[in-house]
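Listed below, chain by chain, are the residues.
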Amino acid sequence: MPSDDFEQIVSQHYEPLYRFALSLTRTEADARDLTQQTFYTWATKGHQLRDRSKVKSWLFTTLHREFLNIRRRAARFQHVELSDANEDLPAVSPEVVNTLDAALLLEFLGQVKEPYRAALSLFYLEDYSYKEIADILEIPLGTVRSRLSRGIAQLQQSILVGTGATSQRAMLESGTAEPIR
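Below you will find a few notes about this structure. Nothing here was measured: the structure is a model prediction, and the numbers come from that model. (Residues numbered from 1 in each chain as written. Predicted model: local features only at pLDDT ≥ 70, side-chain atom pairs only at ≥ 80, totals over all residues. Heavy atoms only, no water.)

Helix length check: helix α2 (residues 28-45) (18 residues) gives 25 Å between terminal C-alpha atoms against 26 Å at 1.5 Å per residue, within 8%. Within α2, burial applies to Ala31, Leu34, Thr35, Thr38, Phe39, Thr41 and Trp42. Along the axis of α2, the buried residues cluster in a sector spanning 155°; they form a single face. For α2, the exposed residues lying more than 90 degrees away from the buried face are Gln36 and Tyr40. (Helix = DSSP H or I, 4+ residues; strand = E, 2+ residues; numbered from the N terminus. Expected span 1.5 Å × (residues − 1). Buried < 20%, exposed > 50% of the residue type's maximum accessible area, 1.4 Å probe, protein only. Arc of directions from axis to C-beta.)

Turning our attention to the packing of helix α7 (residues 130-137) against helix α8 (residues 141-163). The geometry of α7 relative to α8 is characterised by a closest axis approach of 9 Å and an angle of 105° between their N-to-C directions. When the axes of α7 and α8 are compared, the pair comes out roughly perpendicular. From α7, Tyr130, Lys131, Ile133 and Ala134 reach across to α8, where they touch Leu141, Val144, Arg145 and Leu148. Grouping the constituent residues of the contact of α7 with α8 by class yields six nonpolar, no polar and two charged. (Axes fitted to C-alpha atoms, helices over the stretch in contact; angles between N-to-C directions. Parallel < 35°, antiparallel > 145°, perpendicular 65-115°, else oblique. Contact = heavy atoms within 4.5 Å. Nonpolar A, V, L, I, M, F, W, Y, C, P; charged D, E, K, R; others polar.)

Within the secondary structure, Ile152 sits in helix α8. Owing to a relative accessible area of 30%, Ile152 belongs among the partly exposed residues under this scheme. Through-space distance from the C-alpha of Ile152 to that of Val112 is 8.6 Å; in sequence the pair is 40 residues apart. In this structure, Ile152 is in contact with Leu120 and Tyr124, ignoring residues within four places of it in sequence.

What follows deals with the packing of aromatic side chains. Scanning all chains against the criterion turns up seven aromatic pairs. Between Tyr14 and Phe39 the ring centres are 6.2 Å apart and the planes differ by 15°, which places this aromatic pair in the stacked class. Taken together, the residues Tyr14 in helix α1 (residues 3-25) and Phe39 in helix α2 connect sequence positions 25 residues apart. Relative accessible area serves as the criterion here: at 6%, Phe39 is assigned to the buried category. Ring pairing ties together the aromatic residues Tyr14, Tyr18 and Phe39, which thus form one cluster. (Phe/Tyr/Trp six-rings, centres within 6.5 Å; stacked < 30°, edge-to-face > 60°.)

Moving on, we come to the pattern of salt bridges. Note on pairing: side chains with opposite charge can pair once their charged atoms come close. One pass over the structure, following the stated rule, counts five salt bridges. The partner of Arg52 in a salt bridge is Asp5, with the nearest N and O atoms 2.5 Å apart. With Arg52 in the loop between α2 and α3 (55-73) and Asp5 in helix α1, this pair connects stretches of sequence that are 47 residues apart. Looking at Asp5, the relative accessible area reads 22%, which means it is partly exposed. Residue Lys131 pairs with Asp135 through a salt bridge whose shortest N-O separation is 3.0 Å. Here the residue Lys131 and the residue Asp135 both occupy positions in helix α7, the gap between them amounting to four residues, near one helical turn. (Salt bridge = Lys/Arg side-chain N within 4 Å of Asp/Glu carboxyl O.)

What follows is the structure in structure tokens.
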């Protein structure tokens, strides 16, 4: 592979891959390592990819696989069974969302359990379709929908708790406080 081609691929895909890695690992150092490992894998095995239009998807899939491998080796990855319980969470008001900054939102995203966080990151941070997420994470399309739904519920709960919106809502419902306007 010519070095110009490699440099172009790195410059084109580094930032989105790093953001995805950061959403998975929640630490800058681990995200940098994971992104670097992904490009190392591309440098050694990228020539095997026949359809060059799928480079981005290949990189994201490789990064996610490497993340899972690291987690398995460290014995920190725990399989989480998806329950069929429907979580009844209040909606986050636009006022609360408008007050959040990107760093705080990433912190809340970091509180979402891993299988849901990966799907949320790919959908909301990288604008992947359900089908593309299914391909990258190597899971069925229905599982993508389920993980997004459950991840959004967890993210909403984190935002409500983290911004104090739940305590204000409880006071409003009990009639002990007036809405903040």
